[in-house]
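# Chains, contacts and geometry: an overview
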2 protein chains.
Amino acid sequence: MSGTLRLGIAGLGTVGVGVVKIIRREAALLTARTGTEITISAVSARTRDKDRGVSLSGYDWEDDPVRLATRDDVDVFVELMGGSDGPAKAATEAALKAGKDVVTANKAMLAVHGQALAELAEAQGRVIRYEAAVAGGIPVIKSLVEGLAGNEITRVMGVMNGTCNYILTRMEEAGLPYETVFEEANQLGYLEADPELDVGGIDAGHKLAILAAAAFGTRVNFDAIELEGIGRLTIEDIRAAGDMGYRIKLLGVARMTGRGLEQRMSPCLVPMTSPLGQLRGGTNMVVLEGKAVEQIVLRGPGAGEGPTASAVMADVCDIARGIRLPVFGQPATTLADAVPARSVTPAAYYLRMTLQDKPGALAKVAAVLGEAGVSINRMRQYDHEGDGAPVLIVTHRTSRMALDEALAAMDRTGVVDGTPVAIRIEEV
Amino acid sequence: MSGTLRLGIAGLGTVGVGVVKIIRREAALLTARTGTEITISAVSARTRDKDRGVSLSGYDWEDDPVRLATRDDVDVFVELMGGSDGPAKAATEAALKAGKDVVTANKAMLAVHGQALAELAEAQGRVIRYEAAVAGGIPVIKSLVEGLAGNEITRVMGVMNGTCNYILTRMEEAGLPYETVFEEANQLGYLEADPELDVGGIDAGHKLAILAAAAFGTRVNFDAIELEGIGRLTIEDIRAAGDMGYRIKLLGVARMTGRGLEQRMSPCLVPMTSPLGQLRGGTNMVVLEGKAVEQIVLRGPGAGEGPTASAVMADVCDIARGIRLPVFGQPATTLADAVPARSVTPAAYYLRMTLQDKPGALAKVAAVLGEAGVSINRMRQYDHEGDGAPVLIVTHRTSRMALDEALAAMDRTGVVDGTPVAIRIEEV
């Protein structure tokens, strides 16, 4: 045994408690595997007096995470507080400056400040590890940065917000509208305090930004993500997609193109028979594609005490074993500043619109699509009661630019009620 | 850049050529990621004069892999020859003794000599890496040994022979008998020179033995695997399983039980809707289960030039990055010598038998099952022409011991023609 690795843990919510439990329960196993005794010197959280279901009596208490992060008896600062700024960022910076390594589950902090933090860490000769920040228990960062190191990565995709996938699955299975299922999820405590983080795609977007940086050797750029949530999806969309053999997922896609880095987090149709299409409920899935390896699919729990703590501990064990890599796989100062490219990769699209009950309405829509160079693969007009005829169109592969042109022209025809829904069909 | 890592590659079949191609094509990327220039000093293969579709003119040629492995200008010996003994083992040992690290895709060698080679490597302060030996391009060894290091592993499972999965998929989809599809696979060049390696489960068994050692911290013990191939499966079995919502897979399962280490590589029924049940064709899948992480599923190509070379290069990059771990995750001298346990975990079973057309035959079968404590969940007797009535039974969960007792008693009733087929239904 080569020594002891001493942790300071800030944040004792679900994940923090999970980490403490693993360290207590698996002490012998961790030592056998890492050759190191992994101990906890001190912990910190907002509230001290609270029964967390695990004894903390052996550890010092710090009210201030910055003090915790800089203690002499802490080798690794484990940041599990969350939030892109505030105490999490302050303590992380303090830890790095004090020569500590950092393990964090904080996707927001890395998506927003990843580049600066990576540069600081590497200037200090320290590592930041963040397996738990993306797709919970799935070892996706390790698989990508190390397991596929011989590959030029061509595309990464993921369903990385379990709450959204739960909502979409439940809508489909129970035939319930979005609002009802959203309320259910809220009652069940599945939603973040600010639900927009989940259903607006922000949380999943944070994860995609981190994944893209590690995949393409680019500076993390959350602001460049085309972000669209699931709030506009209706049960009719889900049913219509199902009729045509697709499921709708909040899917993150990052792809390096000749015109720059495409990053999207938005609802997409995927074939029902594909691994992504088969994914039900709160489970996460990440798809990694590389020139040599073709396609790897990773599936597992995206949240929860045990799975997220498992990812944190993988990082701790790596540090204990002397595994030290640049934060995003190559030195932060060498990461490229990729040009953001908006949906340049052509795709087929699913369109749903309501046509006014006028003769020739459908012909006008078909005409504007044709004029924009968007050809129609399938079209269905549904039987309807009351005003307006629901129409579904699946296009052939087209550029997003041509599609947007067609949608604008459609608006000018005056036969379409409201704004059509357009959902990309991602080729998986 | 901290220097150069010089490879000696023995074996220039599909995988070796793939490795050479990646090193030539991705030189800049590999250097950016590892901070090291990865070069090839020399290569070796059985035949020198052969067009392999890639230029080897920049590399020295060695006829003798042992000479290659011990060259002064080789830092890492890349063993891609295959075979458990012979030149592969001799050259690997020579490399380790000469102070070289080893990267290998050789599952047979590690399944048979893994413990001795690991002890040799660690005594020499060297590493052996073998990501390519298990499930091709899937980074499963890394996910298990590093990504799940905080977990007590409870079960590992895998479909790890693409040829068998291709045969079973094709039988189902085309409704063809085993012999016909076997011949097709042979024509397509999917089968090893000795087909028993594939269809007898030996190749997949080698992989399971390695996976189990890395999962449970035990000495690799291929001889302890309960091995059963796919040769007895009929199209009727596949159809009957399908009727009941299952698919048949050649599934490897390793599990640590209170009575020892269970290792099985055998046909199993899995629910059609599970990720394993959804797996079609030549793709591989590994399921890793741990106390904290619950369940991780990894899916990807199990063979082929690019995917397997990707795994080899992951190992090479790890060495270039200074990632050094014991061969099976903890020092070889600390690996436990697990007691082999034969199917102690209870399961439901699928039984297929042919009953003689005698009154009371079915009652006799039901009676012997009951006497052995095996209770029946579902039973079907099929309409038939000619002699003997095909009967399918799905039992409730039972021990394999009770089932074997029932099968022996069934034989003694004299109403069953031939030997019943018994296939485990693995709970996934």
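Residues numbered from 1 in each chain as written. Chains lettered and ligands numbered in written order. Predicted model: local features only at pLDDT ≥ 70, side-chain atom pairs only at ≥ 80, totals over all residues. Heavy atoms only, no water.

- In the annotation of an unreviewed UniProt entry, the entry for chain A reads Homoserine dehydrogenase, and the organism field reads Primorskyibacter flagellatus.
- Per UniProt, the comment on chain A under Sequence similarities (unreviewed entry) is "Belongs to the homoserine dehydrogenase family." (UniProt positions renumbered as here; feature names shortened; annotations may be inferred.)

### Details of the relation of the copies chain A and chain B
- For the match of chain A to chain B, the screw axis carries a shift of 0.0 Å, the RMSD comes to 0.0 Å, and the turn is 180°. Taken together, the rotation angle and the small translation identify this as a two-fold axis. Among all residues of chain A, the minimum C-alpha distance to the rotation axis is found for Leu298 of chain A, at 2.4 Å. (Least-squares fit on C-alpha atoms with pLDDT ≥ 70 in both.)

### As for the interface of chain A and chain B
- Every contact between the two is made by 48 residues of chain A and, on the other side, 49 residues of chain B.
- The junction of chain A with chain B conceals about 4,000 Å² of combined surface from both sides, 54% of it contributed by carbon and sulfur atoms.
- Together, Arg33, Arg299 and Arg321 of chain A form the three largest contributors to the area buried by chain A at its contact with chain B, with a combined 16%.
- Counting every contact that joins chain A to chain B gives two salt bridges.
- Residue Lys142 of chain A is joined to Glu146 of chain B by a salt bridge in which the shortest nitrogen-to-oxygen separation is 2.7 Å.
- Scanning the region where chain A abuts chain B turns up 15 residue pairs in polar contact (both at pLDDT 80 or more).
- For the side of chain A that touches chain B, the secondary structure elements donating two or more residues are α1 (14-25), α2 (27-34), α6 (140-147), α12 (275-278), β12 (294-301) and α13 (305-320) of chain A.
- Sorting elements by how many residues they give to the side of chain A that touches chain B places β12 of chain A first, with eight residues.
- Grouping the amino acids of the side of chain A that touches chain B by side-chain chemistry returns 25 nonpolar, 12 polar and 11 charged. (Contact = heavy atoms within 4.5 Å. Buried area = accessible area lost by both parts, 1.4 Å probe. Salt bridge = Lys/Arg side-chain N within 4 Å of Asp/Glu carboxyl O. Polar contact = N/O pair within 3.5 Å; in protein donor to acceptor, adjacent residues only side chain to side chain. Helix = DSSP H or I, 4+ residues; strand = E, 2+ residues; numbered from the N terminus. Nonpolar A, V, L, I, M, F, W, Y, C, P; charged D, E, K, R; others polar.)

### Focus: the sheet that holds strand β2 (residues 36-44) of chain B
All names here are of chain B.
- As summarised here, the arrangement of the six strands in space is β3-β2-β1-β4-β5-β6, forming an open sheet in which the pairing is parallel. Every interior strand has two partners, whereas the edge strands, β3 (60-61) and β6 (128-129), have only one.
- The sheet contact formed by strand β1 (residues 3-10) and β2 spans eight bridges and is parallel. When the sheet's bridge partners are listed, Ile9 is paired in β2 with Val43. (Pairing = 2+ DSSP bridges.)

### Here's the deal with the packing of aromatic side chains
Residues and elements named next belong to chain A.
- Tallied over the entire structure, the rule returns six aromatic pairs over all chains.
- Consider the rings of Tyr130 and Phe328, whose centres lie 5.7 Å apart with planes at 45°: the pair is tilted. Of this pair, Tyr130 sits in the loop between β6 (128-129) and α6 while Phe328 is found in the loop between α13 and β13 (348-355), placing the two residues 198 residues apart along the sequence.
- By relative accessible area, which is 2% here, Tyr130 ends up buried.
- The buried category is assigned to Phe328, whose relative accessible area is 2%. (Phe/Tyr/Trp six-rings, centres within 6.5 Å; stacked < 30°, edge-to-face > 60°. Buried < 20%, exposed > 50% of the residue type's maximum accessible area, 1.4 Å probe, protein only.)

### Focus on the sheet that holds strand β3 (residues 60-61) of chain A
Residues and elements named next belong to chain A.
- Taken in spatial order, the six strands make up an open sheet running β3-β2-β1-β4-β5-β6, and their pairing is parallel. On the outer flanks of this sheet lie β3 and β6, each paired with one strand and no other.
- Sheet topology note: the strand β2 (residues 36-44)/β3 ladder contains two bridges and is parallel. Counted as the bridge partner of Val43 is Trp61 from β3.

### Here's the deal with the pairing of strand β15 (residues 389-395) of chain A
Residues and elements named next belong to chain A.
- Along β15, six of the seven residues are buried, which leaves the element largely enclosed by surrounding structure.
- Sheet analysis places β13 next to β15, joined by six bridges and oriented antiparallel. Across the sheet, Met353 pairs through a bridge with Val391, a residue of β15.
- Taken together, the five bridges between strand β14 (residues 376-381) and β15 define a ladder with antiparallel strand orientation. If you follow Arg378 over to β15, its bridge partner there is Val394.

### Describing α13 of chain A
Residue and element names in this part refer to chain A.
- Over its 16 residues, α13 runs 22 Å from end to end, which matches the ideal 22 Å to within 8%, given 1.5 Å per residue.
- Counting buried positions over the 16 residues of α13 gives 15, a clear majority of the element.
- A positive backbone phi angle near 80° is found at Gly322, which sits one or two residues after α13. (Expected span 1.5 Å × (residues − 1).)

### Looking at the packing of helix α7 (residues 162-174) of chain A against helix α8 (residues 178-187) of chain A
All names here are of chain A.
- Axis separation between α7 and α8 bottoms out at 9 Å; the angle between their running directions is 130°. One finds that α7 runs oblique with respect to α8. Once α7 is placed against α8, the crossing between them reads as right-handed. Each of Tyr166, Ile167, Arg170 and Met171 in α7 lies in contact with α8, whose residues at this interface are Tyr178, Val181, Phe182, Glu184 and Ala185.
- Tallied by class, residues from the contact of α7 with α8 come to seven nonpolar, no polar and two charged. (Axes fitted to C-alpha atoms, helices over the stretch in contact; angles between N-to-C directions. Parallel < 35°, antiparallel > 145°, perpendicular 65-115°, else oblique. Left-handed = near helix turned anticlockwise from the far one by under 90°.)

### Here's the deal with the UniProt feature "domain: ACT" (unreviewed entry) in chain A
- Mapped onto the present numbering, the UniProt feature "domain: ACT" (unreviewed entry) falls at residues 350-424 of chain A.
- Along residues 350-424 of chain A, the helical share is 33% and the strand share 37%, with 6 Å between the first and last C-alpha atoms.

### As for the pairing of strand β4 (residues 76-79) of chain B
Residue and element names in this part refer to chain B.
- Residues Val76 and Val78 point to one face of β4 and Phe77 and Glu79 to the other, with burial holding for every one of them.
- Two elements, β1 and β4, share four bridges in a ladder whose sense is parallel. In the sheet register, Gly8 faces β4, and the bridge partner there is Phe77.
- In this sheet, strand β5 (residues 101-104) lies alongside β4 in parallel orientation, the contact comprising four bridges. Across the sheet, Val78 pairs through a bridge with Val103, a residue of β5.

### As for the nonpolar core
- Residues Val140 of chain A together with Val140 of chain B are the most contacted members of the largest nonpolar core, which totals 175 residues.
- Those residues in contact with Val140 of chain B, other than ones at most four positions away along the chain, are Glu131, Val134, Ala135, Leu211, Val286, Leu288 and Leu298 of chain B.
- Core analysis: the next-biggest nonpolar cluster, separate from the first, contains 36 residues, Val20, Ile40, Ala311 and Met313 of chain B among them. (Core = buried A, V, L, I, M, F, W, Y, C linked by side-chain atoms within 4.5 Å.)

### Structural notes on the state of the cysteines
- Under the defined criterion, the tally for this structure stands at zero disulfides over all chains.
- Residue Cys164 of chain A stays outside any disulfide, its sulfur separated by 13 Å from that of Cys268 of chain A, the closest cysteine. (Disulfide = S-S within 2.5 Å.)

### Some details on unusual backbone geometry
- Of note in this structure, Ser343 of chain A is not a glycine but carries a positive phi near 40°.
- With respect to the helices and strands, Ser343 of chain A occurs in the loop between α13 and β13.
- You can call Ser343 of chain A buried: its relative accessible area is 4%.
- Here the phi dihedral of Glu294 of chain B falls at roughly 70°; this positive angle occurs in a residue that is not glycine.
- Along the polypeptide, Glu294 of chain B turns up in strand β12 (residues 294-301).

### Section: the packing of α6 of chain A against helix α10 (residues 202-216) of chain A
Residues and elements named next belong to chain A.
- Closest axis-to-axis distance for the α6/α10 pair is 9 Å, and the angle between their directions is 15°. In terms of axis orientation, α6 runs roughly parallel to α10. When you trace α6 past α10, the crossing you get is right-handed. The residues of α10 that touch α6, namely those facing Val140, Ile141, Leu144 and Val145, are Ile210, Leu211, Ala214 and Ala215.

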